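Below are the chains, spelled out letter by letter.
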Amino acid sequence: MPRRSADSRLFSPHRIRGLELPNRVVVPPMAQYSAIDGIANAHHLVHYGKFAMGGAGTVFLEATGVTRAGRITNGCLGLWSDAHRDAMRPIVDFLKANGTIPAIQLGHGGRKASMQRPWHGNGPLTDTDLARGDECWPIIAPSALPLDDGWLEPRAMDARDLQETGDAFADAARRAVEAGFEIVEIHMAHGYLLQTFLSPLSNRRSDAYGGDRDGRMRFPLEVAARVRAAIPDAMPLFVRISSIDGIDGGWTLDDSVVLARELKARGVDVIDCSSGGNSPKGATNTNLRRGPGFQVPFADRIRNEADIQTMAVGLIRDAGHAEEILRAGQADLIAVGRQHLFDPFWTLHQAHDEDRDPDFTEWPQAYGWWLEKWDKGIKASR
Ligand SMILES: Cc1cc2nc3c(=O)[nH]c(=O)nc-3n(C[C@H](O)[C@H](O)[C@H](O)COP(=O)(O)O)c2cc1C
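It should be emphasised that the depicted structure is a prediction, and the values quoted were computed from it without experimental measurement.

K.L.:
Requested: an account of the nonpolar core, with residues and values cited.
P.N.:
If you look at the biggest cluster of nonpolar residues, it comprises 78 residues, and the most contacted ones within it are Ile186 and Ile302. The greatest single-element share of this core, amounting to seven residues, is contributed by helix 4 (residues 159-179). Sequence-distant contacts of isoleucine 186, that is, excluding residues within four places in its chain, are made with Leu106, Phe169, Leu194, Val223, Ala224, Val227, Leu237, Phe238, Val239 and Arg240. In terms of nonpolar packing, the next biggest core, distinct from the first, is built from 14 residues, Ile16, Leu21, Ile101 and Leu333 among them.

Below, the structure is given as structure tokens:
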């Protein structure tokens, strides 16, 4: 039984507020760049649906723009209207019907909005992109600092922008609840709007929303409070952070511990510990050496120093490694990203490899009935 095994943390349920997650496996947000005008379509249903059929306990929909101009690329999902909400309902319903918790990441691209899809270059939009039908739009950020030479220069947000953006996060969170999502995550990582408020590299404001760390945290914390107030008390709220900028003079892990405490005080339940991205060299670029579990030390320190649940992410590819992280008290949840692109049935396969579900009872019924006989037949013929 992969989803309920007493001797496995990974495959046992986990409660956060009023929600029971069937296991600790999470598919983290992974943008598909496949929406038109932010509206979800059959690609998203099949893409996310596969992970639910594959046994993941929780599936996050990708970074979803709280405003049209807050989309990272022309292909990103949005939740700025009720039509966007309604297009997500079939996905939510399918995930629930397959025993998976539907979750969504809400974000705003800030100075990395209005950029190319990764496979078109991962940089600023070019004439070739516009000829392809992509649209380029004006962008906003804490300060008028482009990401790099050749990137769009954002307009520094004024009081009205701050108000409207906070409203947009709250409205999108309300729509997420209406669509049936059971977890909301705020994107405060990877060089997008809220992380650029946090980092001294991208926030040079001289008003109450800049300056020292308290000032730089002010707007992200206001957004967290707005989102918390917009969702039911029983619903878990996650925040994804870049635990470090990984750039000299940038945001540090000490800063993240302080931020996590402040987020907890505003009703955030889980810190999803990523890193990097506040540079033009890639969505999550840092100076970190990447090996298995390279961001686990961030989840560990934040969990144990800020006394808040954490999710570990980054090159965690097998259940044994995931179990070690959980047992060592380094994190409460394990996000498995690209390995799920490689194997959407990762959870069920790992459980099968550990001989936890020899009869395929946890598989979708329309597969399991056949696989049980198929497997026995193969074994008998050996
Ligand atoms: C195709 C793709 C799209 C991604 N999109 C997002 C996203 O929308 N939001 C986000 O916070 N991280 C995003 N990420 C980062 C992943 O959530 C994850 O943190 C990263 O892939 C590291 O985990 P892994 O080694 O298990 O893949 C994306 C990663 C990939 C591969």
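After that view, the rundown keeps rolling.
K.L.:
Got a sec to walk through the site of the ligand? Specific residues and values, please.
P.N.:
Near the ligand lie 15 residues; those nearest to it are Pro29, Ala31, Leu315, Gly337 and Arg338. Between the ligand and alanine 63 there is a distance of 3.1 Å, counted from an oxygen atom to a backbone nitrogen or oxygen. The contact in question runs from a nitrogen atom of the ligand to an N or O atom on the side chain of glutamine 105, over 2.8 Å. For the ligand, whose unbound accessible area comes to 610 Å², protein coverage reaches 84%. Each residue belonging to the shell around the ligand can be placed in one class, and the counts come to eight nonpolar, five polar and two charged.

K.L.:
Describe the packing of helix 1 (residues 42-53) against helix 2 (residues 82-97), and please don't skip the residues or the numbers.
P.N.:
Two elements in contact, helix 1 and helix 2, have axes separated by 9 Å at closest approach and are oriented at 15 degrees. Taken together, the axes of helix 1 and helix 2 are roughly parallel relative to one another. Judged by the sense of rotation from one axis to the other, the crossing of helix 1 with helix 2 is right-handed. The residues of helix 2 that touch helix 1, namely those facing His44, Leu45, Tyr48, Gly49, Ala52 and Met53, are Pro90, Ile91, Phe94 and Leu95.

K.L.:
Please give an account of the packing of aromatic side chains that cites residues and values.
P.N.:
All chains considered together, the criterion is met by eight aromatic pairs. Plain terms: the ring middles of phenylalanine 197 and phenylalanine 219 are 5.0 Å apart, the flat faces sit at 45 degrees to each other, and that makes the pair tilted. Of this pair, phenylalanine 197 sits in helix 5 (residues 193-198) while phenylalanine 219 sits in helix 6 (residues 213-230); the two residues are 22 residues apart in sequence, bridging distant segments of the chain. Both residues of the pair, phenylalanine 197 and phenylalanine 219, count as buried. When the centroid spacing of 4.7 Å and the interplanar angle of 80 degrees are considered together, the rings of tryptophan 369 and tryptophan 370 count as edge-to-face. An aromatic cluster of at least three residues, connected via ring pairs, comprises Phe345, Phe360, Trp363 and Tyr367. Directly above the aromatic system of tyrosine 192 lies the positively charged group of lysine 112, at a separation of 4.7 Å from the ring centroid. Above the ring of tryptophan 369, the side-chain terminus of lysine 373 is found at 4.1 Å from the ring centroid.

K.L.:
Lay out the confidence of the model for the chain with the relevant residues and their values.
P.N.:
Within the chain, residue pLDDT values average 96, and 98% of them lie at 70 or more. When pLDDT is averaged over each helix and strand of the chain, the minimum, 95, is found for helix 12 (residues 365-380) and the maximum, 99, for strand 9 (residues 183-188).

Cut-offs and rules
Residues numbered from 1 in each chain as written. Predicted model: local features only at pLDDT ≥ 70, side-chain atom pairs only at ≥ 80, totals over all residues. Heavy atoms only, no water. Core = buried A, V, L, I, M, F, W, Y, C linked by side-chain atoms within 4.5 Å. Buried < 20%, exposed > 50% of the residue type's maximum accessible area, 1.4 Å probe, protein only. Helix = DSSP H or I, 4+ residues; strand = E, 2+ residues; numbered from the N terminus. Contact = heavy atoms within 4.5 Å. Near = heavy atom within 4 Å. Polar contact = N/O pair within 3.5 Å; in protein donor to acceptor, adjacent residues only side chain to side chain. Areas by Shrake-Rupley, 256 points an atom, 1.4 Å probe, with all protein chains shown as cover. Nonpolar A, V, L, I, M, F, W, Y, C, P; charged D, E, K, R; others polar. Axes fitted to C-alpha atoms, helices over the stretch in contact; angles between N-to-C directions. Parallel < 35°, antiparallel > 145°, perpendicular 65-115°, else oblique. Left-handed = near helix turned anticlockwise from the far one by under 90°. Phe/Tyr/Trp six-rings, centres within 6.5 Å; stacked < 30°, edge-to-face > 60°. Lys NZ or Arg CZ within 6 Å of the ring centre and 35° of its normal. pLDDT = per-residue confidence, 0-100.

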